[in-house]
Structure formats: C-alpha cells, structure tokens
Amino acid sequence: MKYAIEVEDLTVAYKEKPVLWDVDLNVPEGVLMSIVGPNGAGKTTLIKAMLGLVNTAAGRVSIYGKPYSKQRSLVGYVPQRGSVDWDFPTSVGDVVMMGRYGALGWLKRPGKREVELSLRALEKVGMAKYADRQISQLSGGQQQRVFLARALVQDAKIYLMDEPFQGVDATTERAIVTLLQELRAAGKTVVVVHHDLQTVPEYFDWTALLNVRLIASGPVDTVFTEENLRLTYGGRVSFIKHNGHNTDSDQEKRAEAGGI
Amino acid sequence: MDILSLLNDLLFDYTLRTVALGSAVLGIVSGALGSYAVLRKQSLLGDAMSHAALPGIAIAFLLTGSKISLVLILGAAIAGWIATLIIMSIVRTTRIKYDTALGMILSVFFGFGLVLLTIIQKRPDATQAGLDKFLFGQAAALLERDVITMALLGSVAIATMLVFWKQFKLLSFDPDFGATLGFPMRFLDVVLTTLIVIAIVTGLQTVGVVLMSAMIVAPASAARQWTDRLGPMIFLSAAFGALAGVSGALLSSSISRLPTGPTIVLCVSAIVVLSIFLAPARGLVWSWFRDRRNRGRLRLEGMLEDLYSLALQHKDPGHAHPVSVLRLMSADKGGVDNSLRKLEEQGLVRRVKSEDWALTKEGIEHARQIIKLGVGEGQ
C-alpha cells in the first residue's frame, strides 16, 4: 500500500509533559481519515507536528517519502477556526487568496489568476457571493467554509483539517461532509481531527484513536471497536456499541464528558 | 496667524519647514507600521521600546560625545531592540506573562536611562548636551540633516513593509498557516519588530520617549474605525499620523515653551476621539442612531400588530379600539400616543373617535406583511 503520510516514533513534549508519546502512524493514500481521542490527547499537536509547526522531541514525519519541508505544495491545512482574529481588516476573497501565497513565492503579487482561483474555491463551498464581505460579518459556519476554501485553493494532494465541524450548523456540517467525500473521490488524502464519536462510522472510512499514545489506526470497520474506544477514553465508554451510528446519543455525550 | 501667512511660512521659513517635514515623516512611518503593532495586539510593545530607548541615547552620547541625531538614534534603536528581545525571551523561557515582562523591562530600562541623564547633566559639558529634550521631544530643535536622516530611515522601513506585504499580512492574521506555506515566520517577526523600532526611533527627537508609543497606537486605532481593509487602513493611519504630527509640531513651535510630544499626542487623541464617535459603521454616533431607528420602527410595528390582533377578534380588521387597551398591551413601553401619531402620519391608522383608533386599509396590509415576515426578519 502506498502511504501519503508516515509518522515514525513521534514524541512531542511541552515543558516536561509529553503530549504525544512514540506515535507510529501510516496514512494510506486516498483515505478519508478521522483522528479521535479525548481532550488533551494530542490530536491538534499531531497535525501540527505533521506540518512542522511544533518542535518534536523525537521521531520523523514524511509526506510521500520525503520531509514536509520538501513537500509543502502537496499539503493543504485548515487550522481551527478560533485560532485567528476574525475582526482582522480583510475580506473573504483576500483570506482565500492567502492559500496561493506559497505558490506565489516571496515577491510575486496575487493577480487575475489568483482572484479567479479564489472565486472558484469559494463557489465549491457555496460562498461565492461573499467574496467581498468583511470577515467579521461571517457566522461560525461561514468562517469554517472560508478556511476550507483557502485550503482548496492550495490545490494539494493531502488535506489536514483541525476540527472543521466545531461549532458549525447542521447545513454547514452536511456541506463539509459532501466536500470531504468529493475530495476523497478525486483521490486526495484527507485527515480530520474530529470530536464527535457518533458520526465517525458515517463520515469516515479510516480512523486513528489517540490518547497521547496511538491506540489504534486502520479502517473504521475493524478499528472503531468498543475495546479500542475504552482504551482511548479510559474505560468510560463501555456502553458504546459497535457499529457506531446505533449508539444512543445521550450515552455518547456522557462518554465525551467522561473523556474530558 | 492666518492660513495664508502660515502657508507662506511653511514654504519659506526654514525652521517651520523643517519642523513640518520632520513631523510629517515621523507621522507617516509610525502610523503605517503602528498598524501592524495594533493588529497583532502588541500595542504596548511600542511603549516598552520607546522608553527602553532612553539609556541607548545616553550611552551613545557618553561613548561618542556626539549629538548628531544619527548616532543617538542608533543608540536608541539598539537599546529598544535589546529590550524587545529580552521581553520575547522572558515570555518564551519563563512562566512570566507578556504584560508583566513588558512592565518590568520598560521601567528598568527607563529608570536606568534617567540615571544616566542625571549623570550627564552633572558633567561640565552639560549645558551643550540637551539630551533631556528626548524626554518630551522638541520639534523646534530639528535640523535639516535630522529630517534627512529620518526620511532615509523611514523610506527604508516603508519600502521593506511594501516588499513583504504578503508575508506581514500572513504574520498578522494567521502565522501558523504562513509557516505551513514555507515562510520563516520567526524571521519575519524579527524583521517587522525591527521596522517598528525604526519607526519609533525616528520620532524620538520630536515626540520624546515618554509619549512616542501614542504615535504607534493612536493613528492605527483611528484608521481601523474607518475601513475594513488592510491597505486603506495602513494608508489612512499614515495620513492621520502625518496630520497629527504636523499640526502638533507647528502649534508647539509657534507657541514658545510648549513641549512638542504632548502637543502632538493631544492632536492625535482628537483624531482618535472623532473617529470613535463619527466613523460610519463602527462609530458610536451612527450606531446609536441606527439602534434608535430600529427600536422606533420595531415599536411602531408592534403597535400595528397589536391593533391587528385586537381587530381580528371582531372579524373586522378595521374595527376601532380605545387607546387605553393599547396602553395595556404595550405595558412599560410607553410612547403610545406618540407612536399612534406617527402611524397616523404614515396613513396606517386613523382616529375614529377622540380616544378610539382603527387600522386603515394600508395599515391592515402592512400588519399582515409584518406578521408574515416575522418580527426578527424585518431588521
């Protein structure tokens, strides 16, 4: 099997506390993968480590066999929506255009082509008519779509997304899921940090369970088991049945709360 | 002094021209680069940098004995820069928070600078030193060669800003994303910080170390009120900075013994206050008017709805009702008579008897529309 991302012996620590411990993870090309785990499990850190955004204490990450610094153009990144100031004086189209800055290099300025590409990306997320809107006027779901469009405009082979479903309305959630599935159908590899266990079997075909250590990774059918979930969330999800979507949502919430 | 003679002096009076040019340069540079400090929530960094520049000026003078502004400015820049690096490394390596580190370094450097100034003043050549003008600034003391130095430094800073426009935008909005694109964000951070140091030191002679940070923060926050785009904001901020700089410096040099720094800061504060109140969209005055208008409209619509729902009980939408019932329905909201009069002016209600009111045909139509749209949609 060809791997899009290979993580070997990855360890990350903030001060003395390990956030990720000896993680080995292979992501095959063309999968739509979720990373799940309780709060503080290191999901965001794992994604940031793949992108070279955090200092690693040990280990290696390769993208199609080479270090990330050589493969930047192959990777698109969707950070958490809350990581930026949405009152920044800029427009929706301008934010999306930032996705082209890497391809433009140090000195070239965005031109007609970039405007065109940004508009097309905004169309894909259903936001074309918002191109000139000031970003502070967007709802949470719209902000998320703008970030997705910014990643789409990077025209990458691998997409790393940090909690794209966090705090979005049902319509946006549907739209994002459709988009993710389109990306997979186009042969892209998509890795999503996800917090809603209930939707994992429905949305994803591949998953990784993480709690500082990697508990398991593989196809959802074989890996997303009661046993593995108990190992990940510390024994408090024993009532989660296999075949996820039959799960009682109330119990699910308790499981989430227990993990926190 | 009337406007014409002021213009005449601006063109032909050497001192006035130098002062005006110098303060314009300082306003443009600090206004433009201050925008980034404000957007990156580093407004107080400018304060620390400018206070920290004082010992640099004193040491530069002690070492060289020179009063040439380039030498003093260089000392100021080095000291400001060192202070910034210390602040950043304190935050990175210890548990001390950003604001605490700022406060500590600012006062330590400034205190040290004051001590050095006192020592210099006690020396036999003290009378020529005149370094205390760096505390509150003195525009009238600007020489042509000072202005040329300022203009050169400022042009380099602005040109660098324009070259790295994309990168600085990424740095200010989403540095992590910028890093994934391959831009060295820490290096860019150092470059931008250096540019802000340059902006500060070019203004020290005119505005002084104590109040220079106002020139970094104030024009940018005023400009942010008027626009929602980065380019126009930086341009406006530079313009506001220049306006405040020139008017403050001119005022202080035409009225003797008026310190320049405080005068310029008063001018820029006036611009900020006007912007906070008057700017469209973000200004307080307009949003107050908007709120009032909305509240008024909602009250009128509520009144129409009340009349309509009363009338429905009589199977005749035009049925008249006494004003006392309406008062009961809009309890605590007041202004019933006033609202009815306004609705009458719009032809939506009519007075049947002295105290009885009914909806007109247009009023019924209007009420139906409101109910169909829902109150919330009407905003």
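Up top you'll find the structure we're talking about.
Structure report, in brief.

Examining the interface of chain A and chain B
Of the residues lining the interface, 34 residues belong to chain A; the matching set on chain B comes to 29 residues. When the two sides are added together, the surface that chain A and chain B hide from each other amounts to roughly 2800 Å², 60% of it contributed by carbon and sulfur. Among the residues of chain A in contact with chain B, Phe88(A), Pro89(A) and Trp106(A) are the three that bury the most area, contributing 27% of the side total. The interface formed by chain A and chain B contains five salt bridges. Two residues, Asp85(A) and Lys41(B), come together in a salt bridge whose shortest N-O distance is 2.9 Å.

Regarding the sheet that holds strand 3 (residues 356-359) of chain B
Residue and element names in this part refer to chain B. If you walk across this open sheet you meet the three strands as 1-3-2, and the pairing is antiparallel. Among the strands making up the open sheet, the edge pair consists of strand 1 (321-322) and strand 2 (349-351). As paired strands, strand 1 and strand 3 are joined by two bridges and run antiparallel to one another. Within strand 3, the position partnered with histidine 321 by the bridge is tryptophan 357. Helix 15 (residues 284-312) rests against strand 1, strand 2 and strand 3 of the sheet, and its axis sits at about 90° to strand 3. On top of the sheet, helix 17 (residues 336-345) reaches strand 2 and strand 3; it is set at about 110° to strand 2, its chief contact.

Notes on a positive patch on the surface
Residue and element names in this part refer to chain B. Side chains of Arg292, Arg295, Arg299, Arg341 and Lys342 sit close together on the surface and give a patch of like positive charge. Within the residue set of the positive patch, elements represented by two or more residues are helix 15 and helix 17. Considering every element that reaches the positive patch, the biggest residue donor is helix 15, with three residues. By the element assignment, arginine 295 lies in helix 15. Given a relative accessible area of 54%, arginine 295 falls into the exposed group.

Describing the packing of aromatic side chains
A full pass over the atoms with the stated rule returns eleven aromatic pairs over all chains. Where Phe165(A) meets Tyr203(A), the ring centres are 5.5 Å apart and the plane angle is 35°; that geometry is what we call tilted. With Phe165(A) in the loop between strand 7 (158-162) and helix 6 (170-185) and Tyr203(A) in helix 7 (residues 200-203), this pair connects stretches of sequence that are 38 residues apart. For the pair Phe165(A) and Tyr203(A), a shared accessibility class is recorded, and that class is buried. These aromatic residues form a ring-pair network of at least three members: Trp106(A), Tyr36(B), Phe164(B), Phe168(B) and Phe183(B). When the ring centre of Phe147(A) is taken as origin, the NZ or CZ atom of Arg150(A), which lies over that ring, is 4.3 Å away.

As for the pattern of salt bridges
All names here are of chain A. Applying the stated criterion across every chain yields a total of 15 salt bridges over all chains. Salt-bridge contacts for arginine 120 lead to glutamate 116; the nearest nitrogen and oxygen are separated by 3.6 Å. Taken together, the residues span about one helical turn, with arginine 120 and glutamate 116 both in helix 4 (residues 112-124) at a distance of four residues. Here arginine 120 falls in the partly exposed class, since its relative accessible area comes to 44%.

What about the environment of Tyr3(A)?
Residues and elements named next belong to chain A. Along the chain, tyrosine 3 falls in strand 1 (residues 3-14). Between the C-alpha atoms of tyrosine 3 and glycine 30, which are 27 residues apart in sequence, the distance is 9.0 Å. What tyrosine 3 contacts, discounting residues up to four positions off in sequence, is Asn26, Val27, Pro28, Glu29 and Tyr64.

Describing the layout of surface pockets
For the largest pocket, the calculated volume is near 1500 Å³. Of all elements in the fold, only strand 1 of chain A together with helix 4 (69-93), helix 9 (165-173), helix 10 (175-180) and helix 11 (185-207) of chain B reach the threshold of two or more residues within the lining of the largest pocket. Ranked by the residues each element gives to the lining of the largest pocket, the list is headed by helix 4 of chain B, at six residues. Its residues placed into classes, the lining of the largest pocket shows 19 nonpolar, seven polar and ten charged.

Definitions and cut-offs
Residues numbered from 1 in each chain as written. Chains lettered and ligands numbered in written order. Predicted model: local features only at pLDDT ≥ 70, side-chain atom pairs only at ≥ 80, totals over all residues. Heavy atoms only, no water. Contact = heavy atoms within 4.5 Å. Buried area = accessible area lost by both parts, 1.4 Å probe. Salt bridge = Lys/Arg side-chain N within 4 Å of Asp/Glu carboxyl O. Pairing = 2+ DSSP bridges. Helix = DSSP H or I, 4+ residues; strand = E, 2+ residues; numbered from the N terminus. Axes fitted to C-alpha atoms, helices over the stretch in contact; angles between N-to-C directions. Patch = residues over 30% accessible without salt bridge, like charges linked within 9 Å, V, L, I, M, F, W, Y side chains within 5 Å. Areas by Shrake-Rupley, 256 points an atom, 1.4 Å probe, with all protein chains shown as cover. Lys, Arg positive; Asp, Glu negative; His and termini not counted. Charge placed at Lys NZ, Arg CZ, Asp CG, Glu CD. Buried < 20%, exposed > 50% of the residue type's maximum accessible area, 1.4 Å probe, protein only. Phe/Tyr/Trp six-rings, centres within 6.5 Å; stacked < 30°, edge-to-face > 60°. Lys NZ or Arg CZ within 6 Å of the ring centre and 35° of its normal. 1 Å grid on protein atoms, 1.4 Å probe; cavity = no way out; pocket = protein on both sides within 12 Å on 5 of 7 lines; lining within 4 Å. Points joined across faces, edges and corners; volume = space filled by probe spheres on them. Nonpolar A, V, L, I, M, F, W, Y, C, P; charged D, E, K, R; others polar.

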